[in-house]
Amino acid sequence: MTAYPLLTTPATVGGLELQSRAVMGSMHTGLEDRPWHVDELAAYFAERAAGGVGLIVTGGYSPNVRGWLLPFGSQMTTRLNAHRHQRVTEVVHANGGRIALQLLHAGRYGYTPFSVSASATKSPITPFKASALSGRAVERTIDDFVDSARLAKKAGYDGVEIMGSEGYLINQFLAARTNRRTDKWGGSAESRMRFPVEIVRRIRQELPDFFVMYRMSLLDLVPDGQTWDETVELAHRIEAAGASVVNTGIGWHEARVPTIVTSVPRGAWVDSTLRIKQELGIPVCASNRINTPDLAEDVLAQGVDLVSMARPFLADADLVAKARDGRADEINTCIGCNQACLDHTFKAQRASCLVNPRACHETTLVLSPTRRAKRVAVVGGGPAGLATAVSATERGHDVTLFEASEELGGQFRLAMQIPGKEEFAETLRYFRRRMEVLGVNVKLSTRANPDLLAGYDEVVVATGVAPRTPAIPGIDHPKVVSYPDAITGRVCVGARVAVIGAGGIGFDVTELLAHREESLAEWKAHWGVADPAVVRGGVTDKAPRDPRREVWLLQRKESAQGKGLGKTSGWVHRAVVKDLGVHQLSGVSYDLVDDAGLHITVDGAPQVLDVDHVVVCAGQESVRSLYDELVAGGFPGSVHLIGGADVAAELDAKRAIKQGTELAAAL
Ligand SMILES: Cc1cc2nc3c(=O)[nH]c(=O)nc-3n(C[C@H](O)[C@H](O)[C@H](O)COP(=O)(O)OP(=O)(O)OC[C@H]3O[C@@H](n4cnc5c(N)ncnc54)[C@H](O)[C@@H]3O)c2cc1C
Ligand SMILES: Cc1cc2nc3c(=O)[nH]c(=O)nc-3n(C[C@H](O)[C@H](O)[C@H](O)COP(=O)(O)O)c2cc1C
Ligand code: SF4
């Protein structure tokens, strides 16, 4: 008997027989946009269906050109499109899965000069002002949704999902924020709802037996969004129009509340799904930041019918199968970093996954069994070394991993101490367990040297990075602390602290020092999340934060701080640091550290920061002396240099894991 009976056993939901109640949520990965990627798309979905996903929802496809997310973006508009997709639907079905095509009209979020919306408005996150759809164009757009659904059926899809959340066109009709129309598609709440309701009604009329999921914005998180009463009314109308299932969407893309990054507490939005469930006769699906089978099972036990996990299936195609088979501790858990998925999508690059670089590269990054097993030494148990050791062993090589410290994890062990990055520990749990299962020979507390490595066919040097010490007068004063010492608590940092360096680690250390633990309710209050039954849009003023320490965050550069942080997560860090009342100074020159504190000059004016400690986050240097020794000594086997030891680039586990996996695939 499985520990996850609700999640992993077959069920019929919304008329579809599913192998599990796990939905792989919609993700536009970049594989959808070009027809020549269809085989890669098929391989990517096939692995997820084989891994036990009940229902896959594709990334968004536009019903027409005006709805493109980006120029020449994905669309389902012709018989030829439908014909190509048969390859995708066939392999998913052959692997026991079901698949629905998502229909997404970007509206004013389209990155094209000819985007359209309910009214002529520009979104704060796109450069183009959308033009208003005429009444006839609204009718044509509804017809286009119906045509796309018909084509999806021809392509062999089991159903469609209508994308009615995250601030795309349908939301733009629903909310007074963006709908200023005075015809039958605007004005009262009832009129604003007419557009999505008509889409669902006409698809149902045209395709009576087709599965139609509607992704509904349960919380808009923007001013002038919908009220809870309006959302409930919409849900009733969508049900009456013939939807099979209501899925959950949270927050418009332009919302200033984080909804999916790693610092968002797990399951933060489930309460909204449970609330709408009470209003509906049709099944509902929960979504966003549900990344473990335990949480998914718990959500299902509370009465939700399906659980959507999007990124967790990038991280591990076999999540459901592993949960079902009692191997949940072998799941490679999504850590919500967005670094290789959403950040890529927002930069028009193909999505993948930091912890699983094979995601969306299933046909090119292949870990096939080796024909000649080699003796491989991996030096360094950080992310780069761990990824190499696991992947090389999976291929059949005989791997020994040397780690100088008592524990595996390298710099990731520091990362997981940062508030909001605690889940990075899951990646280390995954690697540790996989190595145990695979039988990798792990030698802890063993600093590798050329003698120890004699006799190996291949040596992979993944010795990582060490903090850089800047040349500042007084740098060896007792007030000066390295970031590892501050993070691990080896030095107990005082109440007033200066942080030198406002890169990724500087921001993380600042948050660690100033942050106080918060409950889910406090987290929501700190971000201004309100009850939409009380405040329209579900967003209000942020509750003030009470910093644990007074912190100065300093950088030499004149530019604004935190510019180089992640595309979709950087703004969250910048907002937290601001809300914590951190003093942020740029264009700083560091003059001296002494008993009085940190002496600096800003804009030509010298000043002394009277601080207890100065934490140095001034970059890192590659640790590569072993590599140099091996090469200089003419090591007879092959020597490889990877990860931070190759390029020291602060927050770059993505590169480290990818490089390790790619090397293992080539050994
Ligand atoms: C606070 C903090 C937050 C971070 N947040 C993020 C983030 O959000 N996203 C991100 O992508 N990255 C983040 N990083 C960076 C990330 O941790 C590094 O990019 C990654 O760990 C580099 O991996 P690596 O394996 O190359 O090196 P390391 O992690 O440095 O590991 C190297 C390992 O080699 C061992 N070693 C060294 N010499 C020897 C030897 N001779 N013999 C045996 N063992 C040896 C070391 O003990 C160490 O365990 C963060 C780092 C910190 C400090
Ligand atoms: C790379 C990427 C692309 C996405 N594209 C879409 C999309 O096309 N349509 C959609 O409805 N949601 C999209 N989403 C949002 C996901 O469906 C989901 O709501 C989000 O990832 C949070 O859920 P998770 O924590 O289970 O990943 C995307 C998410 C990611 C990471
Ligand atoms: S890149 Fe990060 S957020 Fe995206 S799927 Fe992978 S672990 Fe999850």
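Going by an unreviewed UniProt entry, the chain carries the name NADPH-dependent 2,4-dienoyl-CoA reductase and comes from Nocardioides humi. Quoted straight from UniProt, the Sequence similarities (unreviewed entry) entry for the chain says "In the N-terminal section; belongs to the NADH:flavin oxidoreductase/NADH oxidase family."

Participant: Report on the overall build of the chain, specifying residues and quantitative values.
Facilitator: Along the backbone of the chain there are 21 helices and 27 strands. Against the compact-globule benchmark of 26 Å for 667 residues, the chain has a radius of gyration of 26 Å, which places it among compact chains. Seen through its principal axes, the chain has C-alpha atoms that stretch 75 × 65 × 45 Å. Within the chain, buried positions represent 60% of all 667 residues. Sequence separation of 24 or more characterises 73% of the internal contacts of the chain that already satisfy a separation of 6 or more. Between the centroid of the 73 positive side chains of the chain and the centroid of its 77 negative side chains there is a distance of 6 Å.

Participant: Report on the site of ligand 2, specifying residues and quantitative values.
Facilitator: Taken together, 19 residues lie near ligand 2, and Ser26, Gln102, Arg215, Arg289 and Arg311 sit nearest. Measuring from an oxygen atom of ligand 2, one finds a backbone N or O atom of Gly60 at 3.1 Å. The side chain of Arg215 places a nitrogen or oxygen atom 2.8 Å from an oxygen atom of ligand 2. Relative to its unbound accessible surface of 600 Å², ligand 2 loses 94% to contact with the protein. At the level of elements, helix H10 (311-315) and helix H12 (342-346) are the ones that each hand at least two residues to the shell around ligand 2. Among the residues forming the shell around ligand 2, the class breakdown is nine nonpolar, seven polar and three charged.

Participant: So what's going on with the pairing of strand S5 (residues 98-103)? Which residues, and what values?
Facilitator: Burial analysis of S5 places five of its six residues in the buried class, the great majority of the element. Sheet topology note: the strand S4 (residues 55-61)/S5 ladder contains five bridges and is parallel. Considered in S5, the bridge of Val57 is made with Ala100. Running through helix H3 (residues 79-94), the crossover from S4 to the neighbouring parallel element S5 is right-handed. Relative to strand S8 (residues 159-164), S5 runs parallel, the two sharing four bridges.

Participant: With reference to specific residues and values, describe the sheet that holds S5.
Facilitator: One closed barrel holds the eight strands; their spatial order is S3-S4-S5-S8-S9-S10-S11-S12, and the pairing between them is parallel. Averaged over all pairs of adjacent strands, the angle between strand axes in this sheet comes to 30°, irrespective of strand direction. Sheet topology places strand S3 (residues 22-24) next to strand S12 (residues 306-309); three bridges connect them, and they run parallel. Across the sheet, Met24 pairs through a bridge with Met309, a residue of S12. Against the sheet, helix H4 (residues 135-154) makes contact with S5 and S8, and its axis sits at roughly 160° relative to S5, the strand it touches most. Contacts from helix H9 (residues 293-301) reach strand S11 (284-286) and S12 within the one sheet, and its direction differs from that of S12 by about 150°.

Participant: Talk me through unusual backbone geometry; I want residue IDs and the actual numbers.
Facilitator: Positive phi values are uncommon outside glycine, yet Arg289 reaches one of about 60°. Of note, Arg289 is situated in the loop between S11 and H9. Positive phi values are uncommon outside glycine, yet Ser445 reaches one of about 50°. Checked against the element boundaries, Ser445 lands in the loop between strand S15 (441-443) and strand S16 (458-461).

Participant: Which residues make up the packing of helix H13 (residues 383-394) against helix H21 (residues 653-666), and what are the values?
Facilitator: Put simply, H13 and H21 touch, their axes get as near as 7 Å, and they point 30° apart. One finds that H13 runs roughly parallel with respect to H21. For the pair H13 and H21, the sense of crossing is right-handed. Only Ala656, Ile657, Gly660, Thr661, Leu663 and Ala664 of H21 make contact with H13, whose side of the interface consists of Pro383, Ala384, Ala387, Thr388, Ser391 and Ala392. Classifying every residue of the contact of H13 with H21 by side-chain character gives eight nonpolar, four polar and no charged.

What counts, and at which threshold
Residues numbered from 1 in each chain as written. Chains lettered and ligands numbered in written order. Predicted model: local features only at pLDDT ≥ 70, side-chain atom pairs only at ≥ 80, totals over all residues. Heavy atoms only, no water. UniProt positions renumbered as here; feature names shortened; annotations may be inferred. Helix = DSSP H or I, 4+ residues; strand = E, 2+ residues; numbered from the N terminus. Rg over C-alpha atoms; globule rule 2.2 N^0.38 Å. Buried < 20%, exposed > 50% of the residue type's maximum accessible area, 1.4 Å probe, protein only. Contact = heavy atoms within 4.5 Å. Lys, Arg positive; Asp, Glu negative; His and termini not counted. Charge placed at Lys NZ, Arg CZ, Asp CG, Glu CD. Near = heavy atom within 4 Å. Polar contact = N/O pair within 3.5 Å; in protein donor to acceptor, adjacent residues only side chain to side chain. Areas by Shrake-Rupley, 256 points an atom, 1.4 Å probe, with all protein chains shown as cover. Nonpolar A, V, L, I, M, F, W, Y, C, P; charged D, E, K, R; others polar. Pairing = 2+ DSSP bridges. Right-handed = clockwise from strand over helix to strand, strands pointing away. Axes fitted to C-alpha atoms, helices over the stretch in contact; angles between N-to-C directions. Parallel < 35°, antiparallel > 145°, perpendicular 65-115°, else oblique. Left-handed = near helix turned anticlockwise from the far one by under 90°.

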